[in-house]
Amino acid sequence: MLAELACFEQHCRARFPIDEAIYNCAGCGGLLEVVFEVSSKDDRVETALLKKVWRTRRTSNEPLEQSGVWRYRELLPFDGHHHQAVSLREGNTPLLDAPRAARYGGLDGLTFKHQGFNPTGSFKDNGMTCGVTQAIRLDRQRVACVSTGNTSASMAAYASAAGLDSMVFIPHGNISYGKLAQALEYGARTFQVEANFDQILALVRLLADRLGIYLLNSINPFRIEGQKTIIFEMLDQRDWNPPDWIVLPGGNLGNTSAFGKALRELCQFGFIHKLPRLAVIQAEGAAPFYNLMKTKGEFRSVAEPRTLATAIRIGDPVSWPKALHEVTVTNGVVEQVSEQEIADAKAVIGQCGIGCEPASAATLAGIKKLTEAGTIRAEEDVVAVLTGNVLKDPDYIYRYHTGELKDPDGRTIDASLGNRPLVVPNDAEAIAKMLGS
Ligand code: F0G
């Protein structure tokens, strides 16, 4: 299929070649998306055949077939360029049933699609493999991103695997050590800027233009293409039975854009015949998209976003126009949750033996609110996407369980589900006594 870049703005829809290094429409400044043209008979998407081919590839020892992204390459814009793919065998993330979390969330059943099982521990790897492959296709040697942590960890890994130079820009003091450590270990030049995510994005865009660096934030349409495969893989794992709801956290809203696009394409090509509803969950202190949906007015950014879920501490999400479209098309909803709600939901996900980072737990907190409001019904089929691994933010975990976690206003988060470690003497008798025997 012929792939092109198209302006996302409906009044414009200007087209650009797939190998142009641009992030916004040269005409109107709108966001860009990849579009596919079925131009000849040979381009027809043979749905039944592809479902079989994709399933068979899972058993192959070929590196690209082992990737949960490149396995679905027929719906990615890299025709003829797969041999350049930079893969760390991303994707292949499990669907996990979580009865305890279901009960907590007011559901009969709940499945997590756990993206924390990716090579660098977050869903960013699904997009980054495509973003870095596009950098190679464009012959760029230097790549950069601004990040609340996970994007930088992922970009650093894929850039190093590809032999590229990477530069990450992060808000000083506001990302977890787990993520910062990854960027350093994978060899990225790391700049800690004294500004928030939104301000740094403006800075990095300037630098990227000036120095010819390829930008790998989620404004990059190839990242979004890779993240579509989270949905492809999830539906493949469910034998192409769509759930009623897909619940995910919202920060810069790249994932919401990718999920909506994936669902629309799967419907368009006949892989599925029903669109699941998207439920996007934001943290109360960083909820511009929630406010937009609620007021149905103009988009207003949040100047000083605040949340302990640092991954989604974003006040001016670039992809909001795309996300608005996808939530509307899927008849979706947007909810916001408090710091306490995120912390408790996270502890419950831990108690399932699954675990995730704080931003991911916003999903379960949001589900609880949405079932209480009657928006999601107990018997509905719900998949929540856990976006990051439990070990991304151990500091948060320790503080929660020891009752030391404080919200951005300095109020202590109630450790209602806390599991405090006990300091004991080196004395079997004393320990046995404590254990009740
Ligand atoms: N969950 C995690 C673990 C994240 O790292 C992010 C985003 C999100 C959710 C939100 O996803 O931006 O697509 O709406 N992290 C970015 C970063 C912004 O820089 O790592 P989104």
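Our subject is the structure listed above.
Let us look at the structure shown here. Small disclaimer: the values here were computed from a predicted structure and weren't measured. (Residues numbered from 1 in each chain as written. Predicted model: local features only at pLDDT ≥ 70, side-chain atom pairs only at ≥ 80, totals over all residues. Heavy atoms only, no water.)

1. Side note on the overall build of the chain
Looking only at helices and strands, one finds 15 helices and 13 strands in the chain. In summary, the chain has a C-alpha radius of gyration of 21 Å against a globular reference of 22 Å for 437 residues, a match within 12%. The principal-axis extent of the C-alpha atoms belonging to the chain is close to 75 × 50 × 45 Å. The buried share of the chain, reckoned over its 437 residues, is 57%. (Helix = DSSP H or I, 4+ residues; strand = E, 2+ residues; numbered from the N terminus. Rg over C-alpha atoms; globule rule 2.2 N^0.38 Å. Buried < 20%, exposed > 50% of the residue type's maximum accessible area, 1.4 Å probe, protein only.)

2. Structural notes on the nonpolar core
Ranked by size, the top nonpolar core spans 89 residues in total, and within it Ile231, Phe259, Leu266 and Phe271 carry the most contacts. The element best represented in this core is helix 8 (residues 221-237), accounting for seven residues. If sequence neighbours within four positions are ignored, Phe271 has contacts with Val45, Thr47, Leu50, Lys51, Trp54, Leu75, Trp240 and Leu266. Grouped together as the second largest cluster of nonpolar side chains are 40 residues, Leu364, Leu370, Leu386 and Tyr396 included. (Core = buried A, V, L, I, M, F, W, Y, C linked by side-chain atoms within 4.5 Å. Contact = heavy atoms within 4.5 Å.)

3. With respect to the side chain of Thr111
By the element assignment, Thr111 lies in strand 5 (residues 111-114). The class for Thr111 is buried, based on a relative accessible area of 13%. If sequence neighbours within four positions are ignored, Thr111 has contacts with Leu95, Leu96, Asp97, Val382, Val383 and Ala384.

4. Some words on the environment of Ser166
Residue placement: Ser166 occurs in strand 7 (residues 165-171). For Ser166, a relative accessible area of 4% translates into the label buried. It is 5.6 Å that separates the C-alpha atoms of Ser166 and Ala144, two residues lying 22 residues apart in sequence. Beyond its immediate sequence surroundings of up to four residues, Ser166 is in contact with Val143, Met155, Ala156, Ala159, Ala188 and Arg189.

5. Describing the sheet that holds strand 6 (residues 142-146)
In spatial order, the strands read 8-7-6-9; together these four strands make up an open sheet with parallel pairing. At either end of the open sheet lies a strand with only one pairing partner, and these are strand 8 (189-193) and strand 9 (214-215). Direction of pairing for strand 7 relative to strand 8: parallel, over a ladder of five bridges. When the sheet's bridge partners are listed, Pro171 is paired in strand 8 with Val193. Packed onto the sheet, helix 5 (residues 150-162) meets strand 6 and strand 7 and runs at close to 170° relative to strand 7. (Pairing = 2+ DSSP bridges. Axes fitted to C-alpha atoms, helices over the stretch in contact; angles between N-to-C directions.)

6. Brief notes about the sheet that holds strand 1 (residues 2-7)
Here we have three strands laid out as an open sheet, ordered 2-1-3, and antiparallel in their pairing. On the outer flanks of this sheet lie strand 2 (15-16) and strand 3 (32-37), each paired with one strand and no other. Direction of pairing for strand 1 relative to strand 2: antiparallel, over a ladder of two bridges. Bridging from a neighbouring strand, Ala6 pairs with Arg15 of strand 2. Helix-sheet contacts for helix 8 involve strand 1 and strand 3, and the interaxial angle to strand 3 is about 60°.

7. Quick notes on the environment of Gly353
Within the fold, Gly353 resides in the loop between helix 12 (339-351) and helix 13 (358-372). Sequence spacing of Gly353 and Asn118 is 235 residues, and the spatial spacing of their C-alpha atoms is 17 Å.

8. Re the site of the ligand
In the vicinity of the ligand, 20 residues are found, and the nearest of them are Thr148, Gly251, Asn252, Leu253 and Thr387. Note that an oxygen atom of the ligand is positioned 2.8 Å from one of the backbone N or O atoms of Thr151. Ala311 places a polar main-chain atom, nitrogen or oxygen, 3.5 Å from a nitrogen atom of the ligand. In isolation the ligand has 470 Å² of accessible area, and contact with the protein removes 98% of it. Along the lines of polarity and charge, the residues of the shell around the ligand split into seven nonpolar, 11 polar and two charged. (Near = heavy atom within 4 Å. Polar contact = N/O pair within 3.5 Å; in protein donor to acceptor, adjacent residues only side chain to side chain. Areas by Shrake-Rupley, 256 points an atom, 1.4 Å probe, with all protein chains shown as cover. Nonpolar A, V, L, I, M, F, W, Y, C, P; charged D, E, K, R; others polar.)

9. Quick notes on helix 8
Between its terminal C-alpha atoms helix 8 stretches 25 Å, which fits the 24 Å expected from 17 residues at 1.5 Å a residue. Judged by how many residues are buried, helix 8 sits mostly within the fold: 16 of 17 residues are covered. Two to three positions downstream of the cap, the backbone nitrogen of Phe222 sits 2.9 Å from a side-chain oxygen, assigning the N-cap of helix 8 to Asn220. Following helix 8 by one or two positions, Asp239 has its phi on the positive side, about 50°. (Expected span 1.5 Å × (residues − 1).)

10. Topic: a nonpolar patch on the surface
A cluster of nonpolar side chains, contributed by Leu422, Val424, Ile431, Met434 and Leu435, occupies part of the molecular surface with about 500 Å² of accessible area. Residue position: Met434 is located in helix 15 (residues 428-434). (Patch = residues over 30% accessible without salt bridge, like charges linked within 9 Å, V, L, I, M, F, W, Y side chains within 5 Å. Salt bridge = Lys/Arg side-chain N within 4 Å of Asp/Glu carboxyl O.)

11. With respect to the pairing of strand 3
Within strand 3, five of the six residues are buried, which leaves the element mostly enclosed by the surrounding structure. Here six bridges tie strand 1 to strand 3, and the two strands are oriented antiparallel to one another. The residue of strand 3 that forms the bridge with Leu5 is Val34.

12. Things to note about unusual backbone geometry
Non-glycine residue Asp239 carries a positive phi angle of around 50°. In this structure, Asp239 sits in the loop between helix 8 and strand 10 (245-249). The phi angle at Asn331 is positive, at roughly 55°, despite the residue not being glycine. Its place among the elements puts Asn331 in the loop between helix 11 (320-329) and strand 12 (333-337). Under the relative-accessibility criterion, Asn331 is labelled partly exposed at 48%.

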